[in-house]
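# Secondary and tertiary structure notes
Each chain, letter by letter, is given below.
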Amino acid sequence: MATPVKVHGPPLSTAVSRVLACLIEKDVPFQHVPVNMAKGEHKSPDFLKIQPFGQVPAFQDEAISLFESRAICRYVCEKYAENGNKWLYGTNPLAKASIDQWVEAEGQSFNPPSSVLVFQLAFAPRMNLKQDQSLISQNEAKLEKVLEVYEKRLGESRFLAGDDFSLADLSHLPNAHYLANVADRGEMFTSKKNVGRWWGEISSRDSWKKVVEMQKQST
Amino acid sequence: MVVKVYGPVTAACPQRVLTCLLEKDVDFEIVHINLDACDHKKPDFLLRQPFGQVPAIEDADFKLFESRAIIRYYAAKYEKRGPNLLGNSLEERAVVDQWLEVEAHNFNELVYNLVLQLVILPRMGKQGDSALALSCQQKLDKVFDVYEQRLSGSAYLAGDSFTLADLSHLPGIRYLVEDAGMGHLVSQRKHVNAWWETISNRPAWKKLMKLAGY
């Protein structure tokens, strides 16, 4: 069954997997289009037409061509509001605002240090690149501070933005997965009572399990 | 009831929020936060913004932080008032969101680090890292190349109208041009330069510049 929805990029990419998780949560069928980054396909003229910064993912459906994983997620949630998880992006402006606040917190506070750690600890070894120990320590310390904030927040509510699993939690899955399962940093989450509980819940969602399976299949 | 905006009027992220409120003619009160005195790291403020950053807002019972979440909220709440900062259709809104995300992830960190090394640290009597500054500048050059290409096809980043995507860039570009001596990144690019001239001449931005004492 052909679907016009296409996601370009390797499932192993954290940003690509963010979009895949959202589409699966929303029960939206899609085609996955591989992009061979080792061969520089993401910098090819054809790819730059759909993502001018030469990054993954890129997204297309019958109406639009879009990039930036968090923008794609919001679009999918708005367009397919009645599909799958209806609460993923909230059902009223106040819920949306809270979700946006924590998606931004993910993007501005969690993502920078966790991305460095994911690269240094999970990807650099595979690429035969030397790890930068000082960069690792600095970013572990930064991430630790962020997780302390999360520990307090998750003592007040079940999920980051409120009582329902939302885009805010989903947005954390890609980097946290690598940290916990490849980079041997799971203790950063599990040593904290509330963060540990939250991580256990969000990472065992069916949608995320399917993404992890897609990642395994792609290697 | 006015919207209380917590943060100094001279900091980039509060400016992002204040510009949006000015565009939408929403009454606000600036509650000054003294960053030099580390007011933003004190227990009272951490209750408002647990990461110890500015801005935070308070609107009657409603509280929010993260400037880009705040502007999305008010642009939607007052959609029918003043300029439409969001776009009309679902697709237009998605493109606005896309370029707002570009600002947040491809642009902001480079500008922040560049300004930190070239302006903020020296002001504090500390040595900036010139190698890091150069690296940021080179990456920013590449980002502006993409903007130049984009803006050769449309007057604003998301299309034919000024939106949150353009607004979000105002504070950072002002820092680059006025404080960091990086104006050439803008002025040497025909379409980026025309875009900057247009968006920085909007009445709302000019009002904010007055409020900030520039």
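An unreviewed UniProt entry annotates chain B as glutathione transferase originating from Hibiscus syriacus. Check the Subcellular location (unreviewed entry) section of the UniProt entry for chain B; it says "Cytoplasm, Cytosol". UniProt annotates chain B under Sequence similarities (unreviewed entry) with the comment "Belongs to the GST superfamily. Phi family."

As named in an unreviewed UniProt entry, chain A is glutathione transferase, taken from Hibiscus syriacus. Checking UniProt for chain A, the heading Sequence similarities (unreviewed entry) contains the comment "Belongs to the GST superfamily. Phi family."

### Comments concerning the domain arrangement of chain B
All names here are of chain B. According to the domain assignment, chain B contains domain 1 (3-78) and domain 2 (90-208). The C-alpha centroid of domain 2 is placed 21 Å from the C-alpha centroid of domain 1. Of the residues lining the interface, 15 residues belong to domain 1; the matching set on domain 2 comes to 19 residues. For the pair domain 1 and domain 2, the summed buried area comes to about 1,500 Å², and 63% of that belongs to carbon and sulfur atoms. Three residues stand out in domain 1 for area buried against domain 2, namely Glu 23, Arg 68 and Arg 72, and they jointly supply 35% of the buried area on that side. There are five salt bridges connecting domain 1 and domain 2. With a shortest N-O distance of 2.7 Å, Arg 68 and Glu 103 are connected by a salt bridge. On the surface where domain 1 and domain 2 come into contact, there are seven residue pairs in polar contact (both at pLDDT 80 or more). For the side of domain 1 that touches domain 2, the elements supplying multiple residues, two or more each, are helix H1 (12-23) and helix H3 (67-77). Broken down by element, the residue count for the side of domain 1 that touches domain 2 peaks at eight residues, all from H1. Along the lines of polarity and charge, the residues of the side of domain 1 that touches domain 2 split into eight nonpolar, three polar and four charged.

Conventions we followed
- Residues numbered from 1 in each chain as written.
- Chains lettered and ligands numbered in written order.
- Predicted model: local features only at pLDDT ≥ 70, side-chain atom pairs only at ≥ 80, totals over all residues.
- Heavy atoms only, no water.
- UniProt positions renumbered as here; feature names shortened; annotations may be inferred.
- Domains from an automatic or database assignment.
- Contact = heavy atoms within 4.5 Å.
- Buried area = accessible area lost by both parts, 1.4 Å probe.
- Salt bridge = Lys/Arg side-chain N within 4 Å of Asp/Glu carboxyl O.
- Polar contact = N/O pair within 3.5 Å; in protein donor to acceptor, adjacent residues only side chain to side chain.
- Helix = DSSP H or I, 4+ residues; strand = E, 2+ residues; numbered from the N terminus.
- Nonpolar A, V, L, I, M, F, W, Y, C, P; charged D, E, K, R; others polar.

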